[in-house]
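An overview of the molecular structure
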Amino acid sequence: MRIGLQLLCGLVLIFALAAWFVLEIFVEEIKPGVRSATEDTLVDMAQMLAPLALDDLQEGKMADGRLASAFARLNQSPINALIDGHLKQQTEYRIYVVDRWGKVVYDSDGMDLGKDYSRWNDVYRTLRGEYGARSTRSDPDDPASSVMHVAAPLREGDDILGSLTVAKPNRTLLPMIERSEHQLLQGAALLLFISLLIGALLVWWLNRAIGKLVHYADAVSHNQPASLPPLYSPELDRLGRSLETMRRQLDGKAYIEAYVHSLTHELKSPLAAIRGAGELLVEAPPPEVARRFIGNINLETARMQQLIERMLQLAKLESGQGLDRQATDPARLGRRALDARQIIAQRRQVTLVAELGEAQKQKWDSLLVEQALGNLLDNALDFSPAGSTIRLTGEMHADGYGFRVRDQGPGIPDYALPRIFERFYSLPRPDKGKSSGLGLSFASEVARQHGGHLSLGNQPDGGVLAELWLPTG
């Protein structure tokens, strides 16, 4: 399972458990809270009605006294009270009065008149001077049928002559309880949705940052130019810097090993030639032979110097020190590289032709790109016969600019094509020995550093076509 999905599942589980606990606590507290508020109201009502009932009880007028008359007129007309979306049409109270022995002397419903209520908790406790209340189901099998009863004593001085009980069915409270629960569930669902949205955004951000690191690692593993992306997280930034440091250390070690091996191999031949010429010069050969050996020593020394300079230049480029990008005119850059080789071309009786299309300026390292083009032109000059033509063309594409160098030389042997960009790999020139073998490697690295590519191939009608493509900068 991907880390982003694991995080999201973990966040969902945490939010769901938190929401469940909160809902469980609130829902369980809604009903007791509403009933406590209702009980408080019943206590007030019982206390207010008790003096009225006491007068009727003392006068013996419970059946037609002021309490009975007031309650009879209570629901003669509808109330039509809209309370939080619930329409209340009438009151739903029941009132009964008992004497000092617990016998019902008044019942607003008229159903239990004359019965003994002395054992009910509200009556039993109130007649003994305590707080009397109870909740009793009218249907033992239906929890919603419970009725709350709250009693108040009918006192004459310190003497308790009876009690008055006010009862209210709990089912009248259900609309308010259900509405509160519904609103709570809606709020919880909204909170859960917002929490999940925040969690999803967090996971997306983390996945995006990790994806940048993966893309960076893939680019490095495929030897493509890549810089450490900004991750906007201290922990991920530290991880990225650690990866960058590790990459540089590993690359530096492998790079040095490869270059030491390559340089050692390439310096063997000129050093052997210089040593052999020196040994022969010690024997004091004739002046003509000595001049020839001295010429060989100078030639091999110049070759070694060129090899070392080219390697230093390529090493600096491959170290990834960054490009000095500036606004550059591709056509002007190509003509400048071509003009710098006109004298050599005239000496070899080779014609240089430029056909460069105009384009908007590009953000390139002009020095490196000009050197890369120069290496391609030098390579073409080395293999071009007298009287031939080298064409440098260039045109703008939708996503970049492409240079093409076409010569009329013998072409590249098939066995050399797979190795043409290797360091120090070189083919013998028609009029001289091998080159340093670093020119094409340098040009290819310049293209790679700019995000482009370099390709060489033989043409059906002869000659070689080198294509240097650089993306729009």
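Residues numbered from 1 in each chain as written. Predicted model: local features only at pLDDT ≥ 70, side-chain atom pairs only at ≥ 80, totals over all residues. Heavy atoms only, no water.

Glancing now at the sheet that holds strand 5 (residues 133-137). The strand order across the open sheet built from five strands is 4-3-7-6-5, with neighbouring strands paired in antiparallel fashion. Both edges of this open sheet fall to strand 4 (104-107) and strand 5, since each of them pairs with a single strand only. On average, each strand axis in the sheet is tilted by 25° relative to the strand beside it, whichever way the strands run. (Pairing = 2+ DSSP bridges. Helix = DSSP H or I, 4+ residues; strand = E, 2+ residues; numbered from the N terminus. Axes fitted to C-alpha atoms, helices over the stretch in contact; angles between N-to-C directions.)

Put simply, helix 9 (residues 366-383) and helix 10 (residues 439-449) touch, their axes get as near as 9 Å, and they point 145° apart. Our pair here, helix 9 against helix 10, has a crossing hand that is left-handed. In this structure, helix 9 uses Leu 368, Val 369, Gln 371, Ala 372, Asn 375, Leu 376 and Asn 379 to contact helix 10, whose residues at the interface are Gly 439, Leu 440, Phe 442, Ala 443 and Val 446. Here the residues of the contact of helix 9 with helix 10 sort into eight nonpolar, four polar and no charged. (Left-handed = near helix turned anticlockwise from the far one by under 90°. Contact = heavy atoms within 4.5 Å. Nonpolar A, V, L, I, M, F, W, Y, C, P; charged D, E, K, R; others polar.)

Throughout the structure, instances matching the rule amount to 15 salt bridges. Residue Arg 94 pairs with Asp 107 through a salt bridge whose shortest N-O separation is 2.9 Å. Here Arg 94, found in strand 3 (residues 94-99), pairs with Asp 107, found in strand 4; they are 13 residues apart in sequence, far enough to count as distant. Accessibility expressed as a relative area gives 12% for Arg 94, which makes it buried. Of the charged contacts in the structure, one is a salt bridge between Asp 112 and Lys 115, with a shortest N-O distance of 3.1 Å. A relative accessible area of 44% places Lys 115 in the partly exposed class. (Salt bridge = Lys/Arg side-chain N within 4 Å of Asp/Glu carboxyl O. Buried < 20%, exposed > 50% of the residue type's maximum accessible area, 1.4 Å probe, protein only.)

Moving on, we get to the sheet that holds strand 14 (residues 464-471). Read from one edge of the open sheet, five strands run 9-11-12-14-13, paired in mixed fashion. Two strands in the sheet have a free side with no partner beyond their single neighbour: strand 9 (351-356) and strand 13 (453-458). Across the sheet, the axes of successive neighbouring strands diverge by a mean angle of 15°, strand direction being ignored. Judged from the six bridges that link them, strand 9 and strand 11 (residues 389-396) form a sheet pairing that is parallel. The residue bridging Ala 354 from the neighbouring strand is Leu 392, located in strand 11. Its contacts with the sheet put helix 10 on strand 13 and strand 14, and the angle it makes with strand 13 is roughly 135°.

This next bit is on the UniProt feature "transmembrane region" (unreviewed entry) in the protein. Mapped onto this numbering, the UniProt entry gives "transmembrane region" (unreviewed entry) at residues 184-206. Helix makes up 100% of residues 184-206 and strand 0%. Its end C-alpha atoms lie 32 Å apart. (UniProt positions renumbered as here; feature names shortened; annotations may be inferred.)

Take the side chain of Thr 393 next. Looking at the element boundaries, Thr 393 is found in strand 11. Leave out the neighbours within four places in its chain, and Thr 393 touches Glu 355, Leu 356, Gly 402, Phe 403 and Arg 404.

Within helix 7 (residues 330-339), the full set of buried residues consists of Pro 330, Ala 331, Leu 333, Gly 334, Ala 337 and Leu 338. Axial view of helix 7: buried residues confined to an arc of 165°, hence all on one face. Structural note: helix 7 exposes Arg 332 and Asp 339 on the side pointing more than 90 degrees away from its buried face. Capping the start of helix 7 is the job of one residue whose side-chain oxygen sits 3.2 Å from the backbone nitrogen of Ala 331: Asp 329. (Arc of directions from axis to C-beta. Polar contact = N/O pair within 3.5 Å; in protein donor to acceptor, adjacent residues only side chain to side chain.)

Contact geometry for helix 7 and helix 9: axes closest at 9 Å, N-to-C directions at 50°. On the basis of their axis angle, the class for helix 7 and helix 9 is oblique. Helix 7 and helix 9 meet at a crossing whose hand is right-handed. Packed against helix 7, whose contacting residues are Leu 333, Gly 334, Arg 336, Ala 337 and Leu 338, the element helix 9 presents Ser 366, Val 369, Glu 370, Leu 373, Gly 374 and Leu 377 at the interface. Here the residues of the contact of helix 7 with helix 9 sort into six nonpolar, three polar and two charged. (Parallel < 35°, antiparallel > 145°, perpendicular 65-115°, else oblique.)

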